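# Fold and contact review
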Amino acid sequence: MALSGLDIYKKLPKTNCGECGFPTCLAFGMRLAAGQAQLDSCPYVSDEVKAELSEASAPPIRLVTIGKGDKAFKVGEEQVLFRHEKTFYNPCGLAVLIEDISSDDEVSEKLKQAKESQFERVSQILRADLIAVKNSSNDAGKFAEAVKKVKDGIDFPIILISNNPDAIKAGLEILKEDKPLIYAANKDNFEAMAGLAKEYNVPLAVKGSESLEELAQLVEKITALGVKDIVLDSGTRALNETLRDLVYIRRAALKQKFRPLGYPTITFPCEEADDDYLEAAFAGIYIMKYGGIVVLSSLEPWKVLPLAVLRQNIYTDPQQPMQVDEKIYPINNPDENSPVLITTNFSLTYFIVSAEIEASRVPTWLCIMNVEGLSVLTAWAAGKFVPEKIAPFVKKCGIEEKVKHRKILIPGYIAQISGELQDELADWEVMVGTREAADLPAFLKKWSA
Ligand code: SF4
């Protein structure tokens, strides 16, 4: 049962020292109860009280890690129902389903898709995250062979799918060191599956069959057996029912702090839709609400790109502007005579300006200055894109080694700083560019003519 802020306060030191970042112990207790603070922030809580409060201070949705190393996939630990309330933390995972009855060519093709469907957007790599291997043959030996093939072919975290504990054990023997997710414990096999999860120290998916109440009871039985890392599947395979259950699970975890449903989820649009387009549409819905892992039948670029972009947009922090890296971007193979432009690292600004330069076909150097992701006018108004900061950036960014000339084009919206910038950049000729990016191609063509 979750403790109230007042209950927690009674166990705190009550010295109001403020070291936790809150002015009083009561304020800290309230935030802790709401899942908006970490118990570790108070250095004066005894181990005994820590143990008592661990339930209250645990995140309402448990963080589950699948796989190891660089590509380990983390899911859960979400704290809000809606992104604009704070942010979503751990992006949902895109997985591809590989059956152990598939031919070698089919398996190779899906692994190839998983490796190749990668895209860079706003300085982030967008791609799929997991491979789900399904024991469709019902043969433990065949399943183990398929798992080995996948393990040898790609270094993605793996989900082992079978109702048969013997098949899961065969897969786990191959992935002993790789921390796969095993799927799934149900009302008939949960004791054996929980035993395997404990023996191999891996997370366990729990699948319901009748209702969320039944799923919660099953989770309680499994946690009583000592399994902590759980992923939930309500068991429905119809869009409206799955979506309803995902919302209920998230609400129960966050609003009621109902621990048996306080885990991330897994969804299977690949089993719900009859064709690829519908499957992608269902996957988009589960990315938005509240799928933790979304299992797809294939990973063609047309499917991965829009889903990964949707995911990226939902899981970026709404309080942090999206930004690109501060550096010099060469566009259209520029040389030492090519024009030099400067603007801010707000991602929208970068994409619009770079697209217009590309369209112009004029070889150009685009210098992007870090102003914490603000647009040109906002950065200027905030004192971040002003002559005394632009000038040192131009001198240190390396553009002087790339071009023979000394002409630099600033955005038309900050024409008013051109005189002052000229004073700061005595070696350069400061030119004022267009106000709208759409007018850049004509401007650049004229300049390079
Ligand atoms: S650090 Fe601990 S003792 Fe100090 S105000 Fe915060 S909760 Fe109270």
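Residues numbered from 1 in each chain as written. Predicted model: local features only at pLDDT ≥ 70, side-chain atom pairs only at ≥ 80, totals over all residues.

Below, the discussion takes up the pairing of strand S7 (residues 158-161). The alternating pattern of S7 places Ile 158 and Leu 160 on one face and Ile 159 and Ile 161 on the opposite face, and all of these are buried. Where strand S6 (residues 130-134) meets S7, 4 bridges bridge the pair, whose relative direction is parallel. By the bridge assignment, Val 133 is partnered in S7 with Leu 160. Regarding the hand of the β-α-β motif, the stretch spanning S6, helix H5 (residues 140-153) and S7 is right-handed. (Buried ≥ 20, exposed ≤ 12 C-beta atoms within 10 Å, placed from the backbone. Helix = DSSP H or I, 4+ residues; strand = E, 2+ residues; numbered from the N terminus. Pairing = 2+ DSSP bridges. Right-handed = clockwise from strand over helix to strand, strands pointing away.)

Domains assigned within the chain are domain 1 (5-57), domain 2 (64-315) and domain 3 (327-448). The C-alpha centroid of domain 2 is placed 34 Å from the C-alpha centroid of domain 1. (Domains from an automatic or database assignment.)

A separate point is the environment of Val 294. With respect to the helices and strands, the residue Val 294 is situated in strand S12 (residues 293-296). You can call Val 294 buried: it has 27 C-beta atoms within 10 Å. Among residues more than four places away in sequence, those in contact with Val 294 are Cys 92, Leu 94, Ala 95, Thr 267, Pro 269, Ala 283, Tyr 286 and Ile 287. (Contact = placed C-beta atoms within 7 Å.)

So, on to the pairing of strand S16 (residues 407-410). The pairing of S16 with strand S17 (residues 429-432) spans 4 bridges and is classified as parallel. Bridged to Lys 407 within S17 is Glu 429. Assessed by its sense of winding, the connection that carries the chain from S16 through helix H17 (residues 418-424) to S17 is right-handed.

Relative orientation of the contacting elements helix H11 (residues 276-288) and helix H12 (residues 301-315) amounts to 10°, with a least axis distance of 10 Å. Considering the angle they form, H11 stands roughly parallel to H12. On H12, the residues touching Asp 276, Ala 280, Ala 283, Gly 284, Ile 287 and Met 288 of H11 are Lys 303, Leu 307, Leu 310, Arg 311 and Ile 314. Counted by class, the contact of H11 with H12 contains 7 nonpolar, 1 polar and 3 charged residues. (Axes fitted to C-alpha atoms, helices over the stretch in contact; angles between N-to-C directions. Parallel < 35°, antiparallel > 145°, perpendicular 65-115°, else oblique. Nonpolar A, V, L, I, M, F, W, Y, C, P; charged D, E, K, R; others polar.)

Another aspect to go through is the site of the ligand. Neighbouring the ligand are 13 residues; Pro 13, Cys 17, Cys 20, Cys 25 and Cys 42 lie closest to it. Of the residues that constitute the shell around the ligand, the class distribution is 9 nonpolar, 3 polar and 1 charged. (Near = placed C-beta within 6 Å.)

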